[in-house]
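# Descriptive structure summary
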Amino acid sequence: MKSAIIHCGQLVTVSGSGPKTGPAMSDLGIIPDGAVIWEEGRITHVGTTDELRPHLPPDSQTTDLEGKVLTPGLVDAHTHLVFAGSRANEFEARAQGKSYVEIAAEGGGILSTVRAVRTATEDELFDQARQHADWMIANGTTTAESKSGYGLDLESELKILRVNRRLREQGPLKISSTFLGAHAVPPEFKGRSDDYVALVEDEMLPAVAREGLATWCDVFCESIAFRQEQTARIASAAKSHGLKLRLHVDQLTSAGGAQLAARLGAKTADHLELVSAEGIRALADKGVTPVHLPASVFCLGHTTYPPARAMIAAGLPVVLATDFNPGSSPTPSLPFVMSLACTQMGMTPAEALLACTLNAAHSLDLGHDVGSIDVGKSADLTAWNCSDYREIPYFAGAPLCQHVWASGQLLTRRQASD
Ligand code: NIG
Ligand code: FE
């Protein structure tokens, strides 16, 4: 049966055949009084309500948006959504003056979530992850990348990745799975990080590949995590197992992480708060997509945001993502991330929306399926309770997301958690 949405005051198609750069990042392909029709989860027609009326059989299921905004379902290209517990205690300690790095050095931080994940059963992890997925959907997201990295031993990493697989199979959130075994050095390898890297290369990566549990491999390349040559070792093992690379670089220290991502042929370089001009050139030369995570800057109380304007000037297809995780960025909201991009990074509302839709989808190699309202793509659509798309980042924190369709199915919040 055909379904349709008509009378979208702004149908923000974000139409495009590839990622957008430079001035094209402001081109949202808005259709006033727009409409969209889909059948069996795939978009069949896009146009004005008048143009599409002849294609609407009388028995089609039609929603009248009464002048509100419709965008593609948002795409969150960097999250750590599978975790157990919370770190509200560290949030309070940071409010009292402790730094993220100090907390990590005392055995808190990532390692405290690792303890919680190791003792959780797969079902417990799944139940909590599904709650996180519901929060994302409630904020307009229909596709999310999801990393492991809170297990740090073979079984616990596989447990997280199997939760990713269950989330994907169950839907409605579409999941792209990333193996991040090299997120931190686990306590049992303290002082022996090279031995842990060998475990990641020799045991974890082959097991992940054997079970087909991940598309991507990530490494936290940072002073408190893994060095550049360790990152390069893991990257080459990952490639030999058919996994593609997304890397955490240049977040807390500036040490040429972007140049490394370019040398290693990564698809994305994520964070980049402290990237150098040379690093930006390297990304542009090698076509590496920058993924910015301003909510992690905000939530850590830091003030140095990534240089999105310089990235756009360099012709790079900037992506924005939440980095949703229990430590540095406990927010599942892309609209909030868009607000930060506009207020702290000098991005326009149009650029910010494009960075959370079309460019984000292409950064996950999912641009053929999601990220814009184009004929042939999945009917992943988000309706907003406003009449101007700029109000999505402008009314920061307001619950504007009204309806979400994933693969053509209307989700209420209740259906999303059932
Ligand atoms: O992307 N950078 C490493 N990982 C996360 C933080 C994870 C945590 O604190 O639990 C990040 O910011
Ligand atoms: Fe991250």
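Scroll up a little and you will see the structure.
## A closer look at the packing of helix 5 (residues 122-138) against helix 6 (residues 154-170)
The N-to-C vectors of helix 5 and helix 6 enclose an angle of 50 degrees; their axes lie 10 Å apart at closest approach. Compared by their axis directions, helix 5 and helix 6 come out oblique. The two elements helix 5 and helix 6 cross, and the hand of that crossing is right-handed. Every residue of helix 6 that contacts helix 5 at Glu-122, Asp-123, Leu-125, Phe-126, Ala-129 and Arg-130 is listed here: Lys-159, Ile-160, Arg-162, Val-163, Arg-166, Leu-167 and Gln-170. By residue class, the composition of the contact of helix 5 with helix 6 is 6 nonpolar, 1 polar and 6 charged.

## Structural notes on helix 5
Here helix 5 contains 17 residues, and its C-alpha end-to-end distance of 24 Å stays within 8% of the 24 Å for a straight helix at 1.5 Å per residue. Looking at helix 5, one finds that the buried residues are Leu-125, Phe-126, Ala-129, His-132, Ala-133, Asp-134, Met-136 and Ile-137. Residue Gly-140 follows helix 5 closely and has a positive phi angle near 95 degrees.

## Some remarks on the sheet that holds strand 9 (residues 216-219)
Spatial strand order, 6-7-8-9-10-11-12-13: 8 strands in an open sheet with parallel pairing. Of all strands in the sheet, those with a lone pairing partner are strand 6 (74-76) and strand 13 (319-320), marking the two edges.

## Points about the nonpolar core
In terms of nonpolar packing, the biggest core is built from 108 residues, with Leu-81, Phe-179, Leu-205, Leu-320 and Met-347 touching the most fellow members. Considering each element in turn, this core owes the most residues, 8 residues, to helix 7 (residues 193-210). Among all residues touching Leu-81, those that are not within four sequence positions of it are Ala-129, His-132, Ala-133, Met-136, Ala-144, Ser-146, Leu-167, Leu-173, Ile-175 and Phe-324. In this structure, Ile-5, Leu-11, Ile-31 and Leu-70 belong to the second largest nonpolar core, which totals 14 residues.

## So, the side chain of Gln-251
Within the element layout of this structure, Gln-251 appears in the loop between strand 10 (244-249) and helix 9 (257-263). Classification of Gln-251 as buried rests on a relative accessible area of 9%. If we skip the residues at most four places from it in the chain, Gln-251 touches Phe-220, Glu-222, His-271, Glu-273, Leu-274, Ser-296 and Leu-300.

## Structural notes on the side chain of Ser-176
Tracing the sequence through the fold places Ser-176 in strand 8 (residues 174-182). Classification of Ser-176 as buried rests on a relative accessible area of 6%. Side-chain polar atoms of Ser-176 contact the side chain of Trp-216, separated by 3.0 Å. Beyond its immediate sequence surroundings of up to four residues, Ser-176 is in contact with Ala-144, Glu-145, Ser-146, Trp-216, Leu-364 and Leu-366.

## Considering the packing of helix 6 against helix 7
For the pair helix 6 and helix 7, the least separation of the axes is 10 Å and the interaxial angle reads 30 degrees. By the angle between their axes, helix 6 is roughly parallel relative to helix 7. Pair helix 6 / helix 7 crosses with right-handed handedness. Packed against helix 6, whose contacting residues are Leu-154, Glu-157, Leu-158 and Leu-161, the element helix 7 presents Glu-203, Met-204, Ala-207 and Val-208 at the interface. For the contact of helix 6 with helix 7, the per-class residue count stands at 6 nonpolar, no polar and 2 charged.

## Let's talk about the environment of Thr-143
Residue placement: Thr-143 occurs in strand 7 (residues 141-147). Between the alpha carbons of Thr-143 and Gly-171 there is a distance of 9.9 Å; along the sequence they are 28 residues apart. Every residue in contact with Thr-143, bar those within four places of it in the chain, is listed here: Leu-74, Val-75, Asp-76, Leu-173, Lys-174, Leu-364, Leu-366, Val-370 and Asp-380.

## Regarding the coordination of the iron ion (ligand 2)
Around a metal, the ideal angle is 109.5 degrees if four donors adopt a tetrahedral arrangement and 90 or 180 degrees if six donors adopt an octahedral arrangement. Surrounding the iron ion (ligand 2) are the protein donor atoms His-78 (NE2), His-80 (NE2), His-248 (NE2) and Asp-323 (OD), which sit 2.1 to 2.3 Å from the metal. In terms of primary sequence, the donors binding the iron ion (ligand 2) are separated according to H-x1-H-x167-H-x74-D. Here His-78 is found in the loop between strand 6 and helix 2 (88-95), whereas its partner His-248 is found in strand 10, with 170 residues between them in sequence. Just as His-78 is buried, His-248 falls in that class too.

About the criteria used
Residues numbered from 1 in each chain as written. Chains lettered and ligands numbered in written order. Predicted model: local features only at pLDDT ≥ 70, side-chain atom pairs only at ≥ 80, totals over all residues. Heavy atoms only, no water. Axes fitted to C-alpha atoms, helices over the stretch in contact; angles between N-to-C directions. Helix = DSSP H or I, 4+ residues; strand = E, 2+ residues; numbered from the N terminus. Parallel < 35°, antiparallel > 145°, perpendicular 65-115°, else oblique. Left-handed = near helix turned anticlockwise from the far one by under 90°. Contact = heavy atoms within 4.5 Å. Nonpolar A, V, L, I, M, F, W, Y, C, P; charged D, E, K, R; others polar. Expected span 1.5 Å × (residues − 1). Buried < 20%, exposed > 50% of the residue type's maximum accessible area, 1.4 Å probe, protein only. Pairing = 2+ DSSP bridges. Core = buried A, V, L, I, M, F, W, Y, C linked by side-chain atoms within 4.5 Å. Polar contact = N/O pair within 3.5 Å; in protein donor to acceptor, adjacent residues only side chain to side chain. Donors = N, O, S within 2.8 Å, 3.2 Å for Na, K, Ca; no water.

Take it as geometry only, folks, not as evidence of what the structure does.
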